[in-house]
Amino acid sequence: MFTNFPFFPQAASAQASQIDAVFFFMLAVSGFFSVLIAALVVIFAFKYRRRHDDEIGEAIHGALALELLWMFIPFGITMVMFAWGAKVFFDLYRPPAGAMEIFVVGKQWMWKVQHMDGQREINELHVPVGRTVKLIMGSEDVIHSFYIPAFRVKADVIPGRYNTLWFEATKPGTYHLFCAEYCGTKHSGMIGWVTAMEPAAFEAWLSGGRAEDSPVAAGQKLFQDLVCVTCHTPGAQARGPILTGLWGKQIELQGGGKVTFDEAYIRESIVNPQAKIVAGFQPIMPTFQGLVTEEQLLQLIAYVRSVAQQPAEAAPAGAGGAAAPAPEIKR
Amino acid sequence: METLNYLNDGHGLASWLLTKDHKRIALLYLGSITAFFAIGGFFAMLVRLELLTPAGDLLASETYNKMFTMHGVVMVFFFLIPSIPATLGNFLIPIMIGAKDLAFPRINLLSWYIYMLGGIFTMVAALSGGVDTGWTFYTPYSTAAANSHVITAALGVFITGFSSILTGLNFIVTIHRMRAPGLTWFRLPLFVWAHYATSLIMILGTPVIAITVLMVAAERVLHLGIFDPALGGDPVLFQHLFWFYSHPAVYIMILPAMGVISEIVQAFSRKNIFGYSFIAFSSLAIAVIGFLVWGHHLFVAGQSVYAGMLFSILSFMVAIPSAIKVFNWTATMYKGSVWLQSPMLYAIGFVGLFTIGGLTGLFLAAMGLDIHVHDTYFVVAHFHYIMVGGAIMGYLGGLHYWWPKITGKMYPEPWAKLAAAIVFVGFNLTFFPQFVAGYLGMPRRYHAYPPEFQVWNVLSSAGASILAVGYVLPLIYLIHSLFYGARAATDPWGAKGLEWEIPSPPPTENFEITPIITHGTHQYEPSKEVGIA
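Residues numbered from 1 in each chain as written. Chains lettered and ligands numbered in written order. Predicted model: local features only at pLDDT ≥ 70, side-chain atom pairs only at ≥ 80, totals over all residues.

K.L.:
Can you lay out the overall build of chain B for me, pointing to particular residues and giving the numbers?
P.N.:
Within chain B, the regular secondary structure consists of 15 helices and zero strands. Expected size for 533 residues packed as a compact globule is a radius of gyration near 24 Å; at 23 Å, chain B falls within 12% of this value. Classification of the 533 residues of chain B by burial places 63% in the buried group. Residue pairs in contact within chain B that sit at least 24 positions apart in sequence constitute 84% of those at least 6 positions apart. (Helix = DSSP H or I, 4+ residues; strand = E, 2+ residues; numbered from the N terminus. Rg over C-alpha atoms; globule rule 2.2 N^0.38 Å. Buried ≥ 20, exposed ≤ 12 C-beta atoms within 10 Å, placed from the backbone. Contact = placed C-beta atoms within 7 Å.)

This is the structure:
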């Protein structure tokens, strides 16, 4: 009846073996203590079973040495577990430099993926093996959680902020993608497949199909359409900060304090521009909350980031009025 | 012929519904939590039936989501939290400390009425269409997206919280102020210590969940921006507030069970506990450290990695007092006179299952490993080992142990042993496969699932049906014993403790003369002075 009787998940990423190692260590320790306790309880229950009705136990009130022993040995072992678990988490927390970035947007009840080259997918994610992939993830509605068991990776996808997740697939194949945070009626339908491909096959896949605008190009069109360009490029009407050269810098804020110019700050400045005003500017920018979708936000951020990464002197490419007429923005 | 006792001291409905006797209030609670347990169990059965097959073919997705939500809400707030404290605790704490009642008998009755009112709200929510947020009410789903009776259910939880607060308050004052002469803190039964620690959590933690569910209701109705980012709120703030209560609430459920086990292990080994003060203080340590570990529910929610490390190390530390208890219970059996009656079978089952439940908690506290197992069936299995394998085994063990005292009747021991064995087997078959399914990657709260997980779900559902038999059996033979059981002696187990020195069932005022205490409980060696002076 059941042809498929799996005991252990596939391990198809660089970090899977690290997490499994912690698991097996803890399984061994837990197994040892469970068997120890069970054996003692069963042995005592049998060996000291009551033999006549008036029998009483021997009055033993305790032993400090034993108490200390079974306090400090478990304490030592759990601290090893803590340190190991924390180290693995810490190693997996920050993606290595030069990771291939992919945008992911969760919404009830699907995963929308956009590659930097413009390729889009729904409930599927194609990645090359042997390369670190970093997912930048946002949600359009409620909290979701992006989970690939075979890679042992999971991160909540939370509206109003970005969470990232990275992995390096090691084995070509197709693996489950799940939403792990309960998100409503079709939560269990918010699943899909991750396909890990040999790099050559991945390149072929990436160039095939109907590639759309890259997020940067789409963001650039939005930057025009939403007339961000008026205030944020050098010119007579520039009433907002010029973006070039800002990436990763500490920005002085109105009323003191500093903020790092990163994805989170760009996002906040679009949806809630009054929150952190750059020193020397007026709080005149309107909010774009509700006017742009989560995906469009990601595209705008991709574009702003590309501009901010250019040296401050250079004019942003194609930001002038001579750009081609902006086509309809695809949802 | 029959002597006057609390059961025949007054007849008719009013004598029960207006009683101020802690023992009768305990029975009011016993009846109500049994009803809620049956309701919660019914929801669980539907969940397990649906999961027999990978496709979502028995219930609609919406219905399934409501079933697991109602299962969680009812079991956590209306069964597990009041289970041992409001029944056994209510009945036994005054007796164990030599008092005639709790400090505030009217407040005790009030807390039952509040509990019932909260329960009615929740049942109204269930019957009028249900709620589908999960018992965790995570935002912004619960405030912005869910199209079900969130507010009614949240109000039910809010209201019943006050019953918890009042019970905790009553216990703390009673234990401080009403101990019999000579009953020093270190002569207190460990059951009382456990309830003291539980009460601290109840009065310190419950107000936080009350405020939190009120904020959920406020955001849903008035669109105040607290948790929903579209209104300028922070959805993760809710998780911090929710788990600040709900993680300590786990200890509200397990600490009283630990107190029960401490009593049973001593009584059925005819031996005082090994390491009394370590068991007593470990309860307090759990209550205190338990308030500082909530962030281990947020390791993958984008919480700062350094905050995560602090929560992780504290979560490992809260395991140590539990380990101390397990080792001391085991050591208590050493050179004891072990009598394997059904309460002791439940206690031994508890020790084994709680050990597994506790150790698998360590897996979840290890941050790197939690990335993989968080929000999978591994978590579901872990907390059912604590809640069902721990708290309910403790509850059933205690109910059997004190049943002769509470009712004055003996239950049929062979049936009770059989039921204990069925519960143990059914429990493991239900929940052990979920560890495997969880590590394989099956997410929790899935209505439909990929077919490769089916075999583990079939095993789990089969186990659940066995477990159900194990729960129905005691219901039948315990009720049967009320009418046909043999008259219980004052001390049917040959146990030592104040409750075993007064008649079964006890008289309304518990003690004719306030006892004077000269030693701790469970002293069996004949050389010492025994008995109440």
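Read on for the rest.
K.L.:
Requested: an account of the overall build of chain A, with residues and values cited.
P.N.:
Check the secondary structure of chain A and you find seven helices and 12 strands. Computed over its C-alpha atoms, the radius of gyration of chain A comes to 28 Å, more than 25% above the 20 Å expected for a compact globule of 331 residues. With respect to the three principal axes, the spread of C-alpha positions in chain A is 100 × 55 × 35 Å. Here chain A holds 331 residues, and 36% of them are scored as buried. Long-range pairs, those at least 24 residues apart, make up 69% of the contacts in chain A between residues at least 6 apart in sequence.

K.L.:
Summarise the pairing of strand 7 (residues 153-157) of chain A; cite the residues concerned and give the values.
P.N.:
All names here are of chain A. For strand 7, a buried count of five out of five residues is recorded, marking the element as mostly surrounded by other parts of the structure. Looking at chain direction, strand 6 (residues 144-148) and strand 7 are connected through five bridges and run antiparallel. Bridge pairing links His144 to Val157 in strand 7. (Pairing = 2+ DSSP bridges.)

K.L.:
Residues and numbers for the interface of chain B and chain A, please.
P.N.:
Where the parts come together, the accessible area they lose is often given as the size of the interface. Between chain B and chain A, the contact holds 79 residues from the first and 75 residues from the second. The element that contributes the greatest number of residues to the side of chain B that touches chain A is helix 10 (residues 305-333) of chain B, accounting for 15 residues. Residues of the side of chain B that touches chain A, tallied by class, amount to 50 nonpolar, 21 polar and eight charged. (Nonpolar A, V, L, I, M, F, W, Y, C, P; charged D, E, K, R; others polar.)

K.L.:
Go over the sheet that holds strand 4 (residues 124-128) of chain A, please, and point to the residues and values.
P.N.:
Residue and element names in this part refer to chain A. The five strands are arranged 4-10-9-6-7 in an open sheet whose pairing can be described as mixed. Each of the sheet's edge strands pairs with one partner strand only, and the pair in question is strand 4 and strand 7. On average, each strand axis in the sheet is tilted by 20° relative to the strand beside it, whichever way the strands run. Note that strand 6 and strand 9 (residues 173-179) share two bridges and pair antiparallel. (Axes fitted to C-alpha atoms, helices over the stretch in contact; angles between N-to-C directions.)

K.L.:
Outline unusual backbone geometry, supporting the account with residue identities and numerical values.
P.N.:
The phi torsion of most residues other than glycine is negative, and most of the peptide bonds are trans. Following A:Gln108, the chain continues to A:Trp109 via a peptide bond in cis, the omega torsion being -5°. Inspection of the secondary structure assignment puts A:Trp109 in the loop between strand 1 (100-107) and strand 2 (110-115). Of note, B:Arg445 is a non-glycine position whose phi angle comes to about 60°, a positive value. Assignment of secondary structure puts B:Arg445 in the loop between helix 14 (413-440) and helix 15 (454-484). With phi around 65°, B:Asn510 is a residue other than glycine that occupies positive phi space. Inspection of the secondary structure assignment puts B:Asn510 in the segment after helix 15.

K.L.:
Just give me the short version of helix 6 (residues 263-271) of chain A, but keep the residues and values in it.
P.N.:
It helps to recall that an α-helix has 3.6 residues per turn; residues three or four apart then point in one direction. All names here are of chain A. Looking only at helix 6, the buried set comprises Ile266, Arg267, Ser269 and Ile270. Along the axis of helix 6, the buried positions cluster into a sector of 165°, meaning they face one direction only. Buried residues belonging to helix 6 abut helix 7 (294-308). (Arc of directions from axis to C-beta.)

K.L.:
Can you break down the sheet that holds strand 8 (residues 163-168) of chain A residue by residue, with the values?
P.N.:
All names here are of chain A. Strand order across the open sheet formed by five strands is 3-2-1-5-8, with mixed pairing between neighbours. What marks the edges here is a single partner per strand, and that holds for strand 3 (120-122) and strand 8. Neighbour-to-neighbour, the strand axes of the sheet open up by a mean angle of 25°, direction not taken into account. In this sheet, strand 3 lies alongside strand 2 in antiparallel orientation, the contact comprising three bridges. Opposite Val113, over in strand 3, you have Glu121 as the bridge partner.

K.L.:
So what's going on with the confidence of the model for chain A? Residues and values would help.
P.N.:
Residue and element names in this part refer to chain A. Residue-level pLDDT values for chain A average 86, and 92% of them are 70 or greater. Of all secondary-structure elements in chain A, the lowest mean pLDDT belongs to helix 5 (residues 228-232), at 83, while strand 6 reaches the highest, 97. Confidence over residues 314-331 falls short of pLDDT 50; this stretch has 21 contacts with residues more than four positions distant or in other chains. (pLDDT = per-residue confidence, 0-100.)

K.L.:
I'd like a rundown of the packing of helix 3 (residues 61-96) of chain B against helix 8 (residues 235-267) of chain B, residues and numbers included.
P.N.:
Residues and elements named next belong to chain B. Two elements in contact, helix 3 and helix 8, have axes whose closest approach is 8 Å; the angle formed by their N-to-C orientations is 35°. Between helix 3 and helix 8 lies a crossing whose hand is left-handed. Two secondary-structure elements touch here, helix 3 through Leu80, Ile81, Ile84, Pro85, Leu88 and Gly89 and helix 8 through Ala249, Ile252, Met253, Pro256, Ala257 and Val260. The class makeup of the residues in the contact of helix 3 with helix 8 is 11 nonpolar, one polar and no charged. (Left-handed = near helix turned anticlockwise from the far one by under 90°.)

K.L.:
Describe the packing of helix 8 of chain B against helix 11 (residues 342-365) of chain B, with residues and values.
P.N.:
For any two helices packed against each other, one specifies the inter-axial angle together with the distance between the axes. Residues and elements named next belong to chain B. Between helix 8 and helix 11, whose axes approach to 9 Å, the crossing angle comes to 125°. Judged on the interaxial angle alone, helix 11 and helix 8 are oblique. As for how helix 8 packs across helix 11, the hand of that crossing is left-handed. Residues Ala257, Ile261, Ile264 and Val265 of helix 8 pack against Pro343, Met344, Ala347 and Phe350 of helix 11. Class assignment for the residues of the contact of helix 8 with helix 11 results in eight nonpolar, no polar and no charged. (Parallel < 35°, antiparallel > 145°, perpendicular 65-115°, else oblique.)

K.L.:
Can you break down the confidence of the model for chain B residue by residue, with the values?
P.N.:
As a note on interpretation, predicted positions should not be read in detail where pLDDT is low. Residues and elements named next belong to chain B. Across chain B, pLDDT averages 94, with 98% of residues at or above 70. Averaged pLDDT values for the elements of chain B fall to 90 in helix 5 (residues 141-145) and rise to 97 in helix 2 (residues 22-50). Scored below 50 in pLDDT, residues 528-533 makes nine contacts in the model with residues more than four places away or belonging to other chains. Complex prediction metrics read pTM 0.89 and ipTM 0.92.

K.L.:
Outline the environment of B:Ile289, listing residues and values.
P.N.:
All names here are of chain B. Following the sequence through the fold, Ile289 ends up in helix 9 (residues 276-289). As for Ile289 and Val73, which are separated by 216 residues in sequence, their C-alpha atoms are 25 Å apart. Excluding its chain neighbours within four sequence positions, the residues that come into contact with Ile289 are Leu314, Met317 and Val318.

K.L.:
Let's hear about the environment of B:Ala14: which residues, and what values?
P.N.:
For B:Ala14, the location among the structural elements is in helix 1 (residues 13-17). On a C-alpha basis, the gap between B:Ala14 and B:Tyr64 in space is 40 Å, while along the polypeptide they are 50 residues apart.

K.L.:
Outline the environment of B:His384, supporting the account with residue identities and numerical values.
P.N.:
Residue and element names in this part refer to chain B. Tracing the sequence through the fold places His384 in helix 13 (residues 377-407). The class for His384 is buried, based on 22 C-beta atoms found within 10 Å. As a C-alpha pair, His384 and Thr430 span 46 residues in sequence and 9.6 Å in three-dimensional space. Discounting residues that sit within four places of it in the chain, His384 has contacts with Gly389 and Phe431.

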